[in-house]
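Structural overview
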Amino acid sequence: MHTVVVGTSGTTAEDVIAVARGNARVELSAEAFDALARAREIVDALAAKPEPVYGVSTGFGALATRHISHELRAQLQRNIVRSHAAGMGPRVEREVVRALMFLRLKTVASGHTGVRPEVAQTMADLLNAGITPVVHEYGSLGCSGDLAPLSHCALALMGEGDAEGPDGTVRPAGELLAEHGIAPVELREKEGLALLNGTDGMLGMLVMAIADLQRLYTSADITAALSLEALLGTDKVLAPELHAIRPHPGQGASAANMAAVLKGSGLTGHHQDDSPRVQDAYSIRCAPQVAGAGRDTLAHAALVASRELASAVDNPVVLPGGTSQADGSGGGRVESNGNFHGAPVAYVLDFLAIAAADLGSIAERRTDRLLDKNRSHGLPPFLADDAGVDSGLMIAQYTQAALVSEMKRLAVPASADSIPSSAMQEDHVSMGWSAARKLRTAIDNLTRIVAIELYAATRAIELRTGLVPAPASRAAIDAARAAGVQGPGPDRFLAPDLAAADAFIRSGALVDAVEPVTGPLA
């Protein structure tokens, strides 16, 4: 089994996905254990002093003005976890919770939180045992981080609340810990707060969304090329010199992908045959410009994610040296800060939802052209076998249109909203968790939209008898048929075909089928 080693300097997107989706084993480096011990010495020194220090010897949020006596501090840390584990609604996905837990461990291991080494090790133990705390859909405002989701995870560390075991069954967390020989943690000063105060949920979902969209953008370039081919369009608009004079990197990459798929096609270049037209419609001609803008948005989101993956997000944080809010041993100090605000992550989550909605919209327009006998340049109405008796793909396009409409609603930015909380102490929030949740839905919908375009375009190409598609197109069609995506014929129960196309896109099989012919695609 693959092992991910957590050190003091952040992590990578690949490691997040390995843990969240691949169940990779997690280990703490010797450097991380040393940093944890050093930071804890600073916190212990501060806890021994009479002066109040936020998060160590005070209440939290709007209650931070109360100084907490020594005998109540362990209770304080337990209480913040219990009271903040206030989520409601359906459970979020296992991969999201694992990403959240791993990313919290990444910050804890940085040595900037003051958490003891044994607490960090217990976090790793839960991941390695396949114990996944139950986290609910609602409870995060994306500022002070993902408080409720992280609290449910911290609750499981204490042996409380519910969790899913490695067999998929939800049981009391204490029972699962006992079965795996994991002792529940007894939280001390600052530790409860340190386990709750981060952007880990929204960041984990961003990292996985980027990976999914990278695959989807390549798949969408392929289906756009198939639609161009099925509509007897011209591939001259994909010429590299045209895209070099508007040098957006994503646009050039999408155009190159489409050109590679269409190389050797016997269908392109027939736009002047039976129904002369000067140029193709925007949904065909501008496909690289729209998909390319989305690719560039994706690149910006990946840059933001890489910075966040290198960050240690907590409040307060433990810093070496200097003099400020509170001094500990060796000159270390604890500082309050605002690094928990989720705005950087929330913005790009919303940007991606907007780009995904537009990609879905243009794909649907191409599908509609394939089905309209007045604009499809010789294809039968709705790609039906016997139009009138058969309805063909009429309602498949309805489904696609419904998905596009939902995508537009999901593109409304969550981060443009803010709602004050904690008696106006936390008076501006990011709503980044909400942005991430709706982006996950948008990506699911976009996958289905691209799948329906694939279904229509491959059917249309096969209806162009006497013309030979590009070798890459042929490979895509053959692979789709082998995967259960059926071709032309009389009307049949359509949902299974669409489900097969969805699985074909979702698994990356479309890209896998084409690349042996085209070479690697962007």
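Residues numbered from 1 in each chain as written. Predicted model: local features only at pLDDT ≥ 70, side-chain atom pairs only at ≥ 80, totals over all residues. Heavy atoms only, no water.

1. Let's talk about the side chain of lysine 106
Applied cut-off: The way it works is that DSSP assigns letters per residue, a run of H or I at least four long becomes a helix, a run of E at least two long becomes a strand, and they are numbered from the N terminus. Whether a residue is buried, partly exposed or exposed follows from its accessible area with a 1.4 Å probe, protein chains only, as a fraction of its type maximum: under 20%, in between, or over 50%, in that order. Positive residues here are Lys and Arg, negative ones are Asp and Glu, while His and the chain termini are left out of the count. Counted as salt bridges are all cases of a side-chain nitrogen of Lys or Arg within 4 Å of a carboxyl oxygen of Asp or Glu. Two N or O atoms form a polar contact when they lie within 3.5 Å of each other; inside protein one atom must be a possible hydrogen donor and the other a possible acceptor, and for residues adjacent in sequence the pair counts only when both atoms belong to side chains. When checking whether two residues touch, look at their non-hydrogen atoms; a contact exists if any pair is within 4.5 Å.
The topology assignment puts lysine 106 in helix H4 (residues 94-108). Although lysine 106 is buried, it makes no salt bridge; aspartate 200 carries the closest opposite charge, 5.1 Å away. At 2.7 Å, the side chain of lysine 106 and the backbone oxygen of serine 311 are in polar contact. In contact with lysine 106, not counting residues within four places along its chain, are Val6, Gly7, Gly10, Thr11, Glu308, Leu309 and Ser311.

2. Things to note about the environment of arginine 375
Mapping arginine 375 onto the fold places it in the loop between helix H14 (343-371) and helix H15 (394-410). Its relative accessible area of 23% is what places arginine 375 among the partly exposed residues. Here the alpha-carbon distance between arginine 375 and leucine 231, two residues 144 residues apart in the chain, equals 8.6 Å. Discounting chain neighbours no more than four positions away, the residues touching arginine 375 are Leu231, Asp368 and Arg369.

3. Some details on unusual backbone geometry
At the junction of asparagine 315 and proline 316, the peptide bond is cis and its omega measures out at 0° in the coordinates. For proline 316, the position within the fold is in the loop between helix H13 (287-309) and strand S8 (317-319). Within the chain, leucine 383 stands out as a residue other than glycine whose phi angle is a positive 55°. Examined against the element boundaries, leucine 383 turns out to sit in the loop between H14 and H15. The phi torsion at methionine 431 lies on the positive side, around 55°, for a residue other than glycine. Checked against the element boundaries, methionine 431 lands in the loop between H15 and helix H16 (432-463).

4. Examining helix H2 (residues 30-47)
Each α-helix turn comprises 3.6 residues. Residues three or four places apart therefore point the same way. The following threshold applies: One less than the residue count of a helix, multiplied by 1.5 Å, gives the span that helix is expected to have. The directions from the helix axis to the C-beta atoms form the arc being described.
Along its 18 residues, H2 runs 26 Å from first to last C-alpha, staying within 8% of the 26 Å computed at 1.5 Å per residue. Of all the positions in H2, only Ala32, Ala35, Leu36, Ala39, Arg40, Ile42, Val43, Leu46 and Ala47 are classed as buried. One side of H2 carries all its buried residues, which in axial view fall inside an arc of 155°. Set apart from the buried face of H2 by more than 90 degrees, the exposed residues are Ala30 and Arg38.

5. A closer look at the pattern of salt bridges
Applying the stated criterion to the full structure yields 37 salt bridges. With its nearest N and O atoms 4.0 Å apart, the salt bridge here joins glutamate 27 to arginine 25. Glutamate 27 gets classed as partly exposed once you look at its relative accessible area, which sits at 37%. Residues arginine 474 and glutamate 462 are paired through a salt bridge, measuring 3.3 Å at the closest nitrogen-oxygen approach. Taken together, the residues arginine 474 in helix H17 (residues 471-482) and glutamate 462 in helix H16 connect sequence positions 12 residues apart. Arginine 474 sits in the partly exposed class, given a relative accessible area of 32%. Taking relative accessible area as the criterion, glutamate 462 reaches 27% and is therefore assigned partly exposed.

6. Describing the packing of H16 against H17
Quick note on the threshold: Here an axis means a line fitted to C-alpha atoms, over the contact stretch when the element is a helix, while the angle between two N-to-C directions is reported on a 0 to 180 degree scale. Our angle categories are set so that under 35 degrees counts as roughly parallel, over 145 as roughly antiparallel, 65 to 115 as roughly perpendicular, and the remainder as oblique. Handedness of a crossing is defined here by the sense of rotation of the near helix relative to the far one, left-handed for an anticlockwise turn of less than a right angle and right-handed for a clockwise turn. Classification convention: Asp, Glu, Lys, Arg as charged; Ala, Val, Leu, Ile, Met, Phe, Trp, Tyr, Cys, Pro as nonpolar; all other residues, Gly among them, as polar.
At a minimum axis distance of 10 Å, the contact between H16 and H17 shows a crossing angle of 115°. The orientation of H16 with respect to H17, classified from their angle, is roughly perpendicular. Considering only the axes of H16 and H17, their crossing is left-handed. Facing Thr458, Arg459, Ile461 and Glu462 of H16, the residues of H17 in contact are Arg474, Ile477 and Arg481. Looking at the contact of H16 with H17 residue by residue, the classes come out as two nonpolar, one polar and four charged.

7. A few points about the sheet that holds strand S7 (residues 170-172)
Definition in use: Strand pairing is assigned whenever DSSP detects at least two bridges linking the two strands.
Taken in spatial order, the three strands of this open sheet run S4-S6-S7, and their pairing is antiparallel. Here the strands that pair on one side only, and so sit at the sheet edges, are strand S4 (132-133) and S7. Bridge analysis of S4 against strand S6 (residues 162-164) gives two bridges, and the strand direction is antiparallel. The residue of S6 that forms the bridge with proline 133 is alanine 163.

8. Describing the pairing of strand S1 (residues 3-6)
Which entries qualify depends on this criterion: Think of it like this: strands point away, you trace from the first strand over the helix to the second, and a clockwise trace means the crossover is right-handed.
Where burial is concerned, the two faces of S1 differ: the one with Val4 and Val6 is buried and the one with Thr3 and Val5 is not. Pairing between S1 and strand S2 (residues 25-28): four bridges, direction parallel. Within the sheet, the bridge partner assigned to threonine 3 lies in S2 and is arginine 25. Taken together, S1, helix H1 (residues 13-20) and S2 constitute a β-α-β crossover, and its handedness is right-handed.

9. So, empty space enclosed by the protein
Any empty space left between the atoms is revealed when a probe the size of a water molecule rolls over them. Let me state the cut-off plainly: Using protein atoms alone on a 1 Å grid, points that fit a 1.4 Å probe yet trap it form a cavity, whereas open point sets bounded by protein on both sides within 12 Å along at least five of seven lines form a pocket; residues with an atom within 4 Å of a point count as lining. Grid points are joined across faces, edges and corners, and a volume is the space filled by probe spheres set on the points.
All chains considered together, the criterion is met by two cavities of 30 Å³ or more. Size it by volume and the largest cavity reaches roughly 90 Å³. Taken together, Leu100, Met101, Arg104, Met123, Leu127, Leu150, Cys153, Ala154, Leu157 and Leu195 make up the full set of residues lining the largest cavity. Put simply, the parts of the chain that give the lining of the largest cavity at least two residues each are H4, helix H5 (117-129) and helix H6 (147-157). Sorting elements by how many residues they give to the lining of the largest cavity places H6 first, with four residues. When grouped by side-chain class, the residues that make up the lining of the largest cavity number nine nonpolar, no polar and one charged. Here the second largest cavity defines a volume of roughly 40 Å³. Along the walls of the second largest cavity sit Ala220, Asp221, Ala224, Ala287, Ala291, Leu359, Ile362 and Arg366, which together make up its complete lining. Counting residues per element, the ones that place at least two in the lining of the second largest cavity are helix H9 (200-230), H13 and H14. Split into classes, the residues belonging to the lining of the second largest cavity amount to six nonpolar, no polar and two charged.

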